Amino acid sequence: MSEFRITGKAKLAGVIGYPVTHSLSPVLHNYWLARHGIDGAYVPLSVAPDAFVIAVKGLQAAGFRGANVTIPHKEAAFAIADEVDPMARIAGSVNTLVFREDGSIHGSSTDGFGYVANLEADGIDVSALASRGPALLLGAGGAARSIATSLLEKGFQVIFSNRTAERADGLAKELDAAWRRNFPEGDAPWLSTIAWDEWEEQLGDMALLVNTTSLGMQGGPAPDWAPNLSKASRHLVASDIVYVPQETPFLKAARELGLTTSGGLGMLLHQARPGFKAWFGADTEVDEATVAYIRAALSRR
Ligand SMILES: NC(=O)c1ccc[n+]([C@@H]2O[C@H](COP(=O)([O-])OP(=O)(O)OC[C@H]3O[C@@H](n4cnc5c(N)ncnc54)[C@H](OP(=O)(O)O)[C@@H]3O)[C@@H](O)[C@H]2O)c1
């Protein structure tokens, strides 16, 4: 790895959150900066909700090239952007801001991109998978919203199942309306919902199962959570976006049934690539060295 160096001309970016202490993004971006020998830095920025706009203006004034945005600022980031990518517009949330030289702000949502890129990196042909059957998303929170949007873009039929049924219904309706608004000439998206206590029975029809809830997360509401996958077709791809532990009980159960699995850490790493390229000007790879470095950082927490 190149020696760490920083000069008065350093390229600057950061992650805005509240709290921001748990974010792995500074570790990842500074690792890539050092590895590419880039004169730059990426810093955690703890910003209270009522200070978001002034903080973004301050970062622009200080010459930052942009920032990642995490909870609770993703809607505010959407609102502050002068131009927003179509997928972020549909998802209604932005996690990557790029400050342009003319003073304007570009916003995009890279979580869904990271999720799909990780499936592909795990050797899964995502377009072929979309033609095999629907994607069943467990959860209807912020992550489900971004992932569903990217899966619709890839041609999937998307089904939500959520503990709070109204939230799944609301999300399906909202994404449907946003998709039609943004692509009035295109095909309407295929979105529906299944009751939370019924999805295990319906698994035989699904091509992709995604856990976007915090079930199975270490320190979360149900760290031992592992659903009944006995009705799954043997072609089902089981994926989890929880990344602590790296193999959740759900993924372990799926692997033991012989299903193809994909874990959450890769999504976290891939979603960072578009921002790194925009701010620091280099393509990055999520290779074994990157994964090992981040795993080591996680294990120190
Ligand atoms: N790998 C990555 O890069 C990545 C990126 C983003 C998020 N994540 C992870 O994804 C998870 C969700 O994040 P988010 O931002 O979408 O959170 P969120 O907006 O707060 O949504 C949480 C979701 O989990 C469900 N849930 C929580 N506790 C539950 C329980 N005991 N039983 C059933 N469902 C439960 C909620 O259902 P209700 O609506 O019924 O409350 C909701 O659908 C977190 O674990 C987060 O760390 C990973």
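Along each chain, the written sequence defines residue order, and numbers are assigned to residues from 1. Selection of residues for local features in this predicted model requires a pLDDT of at least 70, selection of side-chain atom pairs for listing and counting requires 80 or more, and totals for whole chains, interfaces and linings are taken over all residues. Only hydrogens and water are removed before side-chain values are computed, so all heavy atoms of the structure are retained for them.

Undergrad: Tell me about the packing of aromatic side chains, and please be specific about residues and values.
TA: Here the aromatic set is Phe, Tyr and Trp, taking the six-membered ring for Trp, and pairing holds for ring centres within 6.5 Å; pairs whose planes are under 30 degrees apart are stacked, those over 60 apart are edge-to-face, and all others are tilted. Across all of its chains, the model carries eight aromatic pairs by this definition. Between the aromatic rings of Trp32 and Phe276, the centroid separation amounts to 5.5 Å while the plane-to-plane angle is 70°, which identifies the pairing as edge-to-face. Of this pair, Trp32 sits in helix α1 (residues 25-36) while Phe276 is found in helix α11 (residues 273-280), placing the two residues 244 residues apart along the sequence. Across the pair, Phe276 and Trp32 agree in class, each one buried. Buried residues are those whose accessible area, probed at 1.4 Å on protein chains only, stays under 20% of the maximum for their type, while exposed residues exceed 50% and partly exposed ones sit between those limits. With relative accessibility at 0%, the residue Phe276 sits in the buried group. Among the aromatic residues, those joined into a cluster by ring pairs are Trp32, Tyr42, Phe276, Trp279 and Phe280. By definition, any uninterrupted DSSP run of H or I lasting at least four residues is a helix, any uninterrupted run of E lasting at least two residues is a strand, and each is numbered from the N terminus.

Undergrad: With reference to specific residues and values, describe the domain arrangement of the protein chain.
TA: Here the domain parsing of the protein chain yields domain 1 (11-110 + 272-299) and domain 2 (113-264). The domain boundaries here were taken from an automatic or database domain assignment. Of note, the centres of domain 1 and domain 2, computed from C-alpha atoms alone, are 25 Å apart. Counting residues at the interface gives 13 residues for domain 1, matched by 15 residues for domain 2. Interface area, domain 1 with domain 2, both sides summed: about 1,200 Å², of which 62% is carbon and sulfur. It is Met87, Ile90 and Ala91 that lose the most area in domain 1 upon contact with domain 2, and together they represent 47% of the buried surface on that side. What counts as a salt bridge is simple: a side-chain nitrogen of Lys or Arg found within 4 Å of a carboxyl oxygen of Asp or Glu. In this structure, the connection of domain 1 to domain 2 is made through zero salt bridges. We call two residues in contact when some of their heavy atoms are within 4.5 Å. Throughout, the accessible surface (probe 1.4 Å) given up by two parts as they are put together, summed over both, is called the buried area.

Undergrad: Before we move on, can you summarise the environment of Gly281 with the specific residues and values?
TA: By the element assignment, Gly281 lies in the loop between α11 and α12 (288-299). Residue class for Gly281 comes out exposed when judged on its relative accessible area of 55%. When the C-alpha positions of Gly281 and Lys11 are compared, they lie 9.6 Å apart, and in sequence the two are 270 residues distant.

Undergrad: Report on the site of the ligand, specifying residues and quantitative values.
TA: Around the ligand, a shell composed of 22 residues is seen, among which Ala143, Asn162, Thr164, Arg167 and Ile241 lie nearest. Whenever two N or O atoms come within 3.5 Å, that pair is a polar contact, provided that in protein one can donate a hydrogen and the other can accept it, and provided that, for residues adjacent in sequence, both atoms are side-chain atoms. A distance of 3.0 Å separates an oxygen atom of the ligand from a polar atom in the backbone of Ala140. Within the backbone of Gly142, a nitrogen or oxygen atom sits 3.0 Å from an oxygen atom of the ligand. In these tables, accessible area is a Shrake-Rupley quantity obtained with a 1.4 Å probe, and a residue counts as shielded only by the protein chains included in the view. Burial of the ligand by the protein chains amounts to 77% of its free accessible area of 930 Å². Those elements that place two or more of their residues in the shell around the ligand are α7 (142-153) and α10 (265-270). Looking at the shell around the ligand residue by residue, the classes come out as eleven nonpolar, nine polar and two charged. By convention in this text, a residue qualifies as near a molecule or strand provided that one of its non-hydrogen atoms is within 4 Å of it. Residue polarity is assigned by list, with Asp, Glu, Lys and Arg as charged and Ala, Val, Leu, Ile, Met, Phe, Trp, Tyr, Cys and Pro as nonpolar; anything else, Gly included, falls into the polar class.

Undergrad: How would you summarise the pattern of salt bridges if you had to cite specific residues and measurements?
TA: Per the counting criterion, the structure on display carries ten salt bridges. Two residues, Arg180 and Asp176, come together in a salt bridge whose shortest N-O distance is 2.8 Å. A residue pair is termed a helical-turn pair when its members lie 3 or 4 positions apart in one helix, as Arg180 and Asp176 do in helix α8 (residues 165-182) at four residues. Arg180 gets classed as partly exposed once you look at its relative accessible area, which sits at 43%. Here Lys277 ties to Asp283 by a salt bridge, and the two come within 3.5 Å at their closest N and O atoms. Assessed through its relative accessible area of 40%, Lys277 is described here as partly exposed.

Undergrad: Provide a residue-level description of the packing of α7 against α8, including the pertinent values.
TA: Axis definition: a line fitted to C-alpha atoms, over the contacting stretch in the case of helices. Angles run 0 to 180 degrees between N-to-C directions. Between α7 and α8, the least distance of the axes is 11 Å, while the angle of their chain directions is 45°. Taken together, α7 and α8 sit at an angle that is classed as oblique. When you trace α7 past α8, the crossing you get is right-handed. Counted together, Ala144, Arg145, Ala148, Thr149, Leu152 and Glu153 of α7 and Leu171, Glu174, Leu175 and Trp179 of α8 form the full contact between these two elements. Looking at the contact of α7 with α8 residue by residue, the class counts come to six nonpolar, one polar and three charged. Angle categories are assigned with fixed cut-offs, so that under 35 degrees is roughly parallel, over 145 is roughly antiparallel, 65 to 115 is roughly perpendicular, and the rest are oblique. Each crossing gets its hand from how the near helix is turned against the far one by less than a right angle, where anticlockwise is left-handed and clockwise is right-handed.

Undergrad: If you had to explain the pairing of strand β6 (residues 105-108) to someone new, which residues and values would you point to?
TA: Residue alternation in β6 divides its side chains into two sets, Ile105 and Gly107 and His106 and Ser108, and both sets are buried. When DSSP locates at least two bridges between a pair of strands, those strands are taken to pair. Examined bridge by bridge, strand β5 (residues 96-99) and β6 share four bridges and lie antiparallel to one another. Within β6, the position partnered with Val98 by the bridge is His106. Hairpin connection from β5 to β6: five residues lie between these consecutive antiparallel strands, with Gly103 at a positive phi of about 95°.

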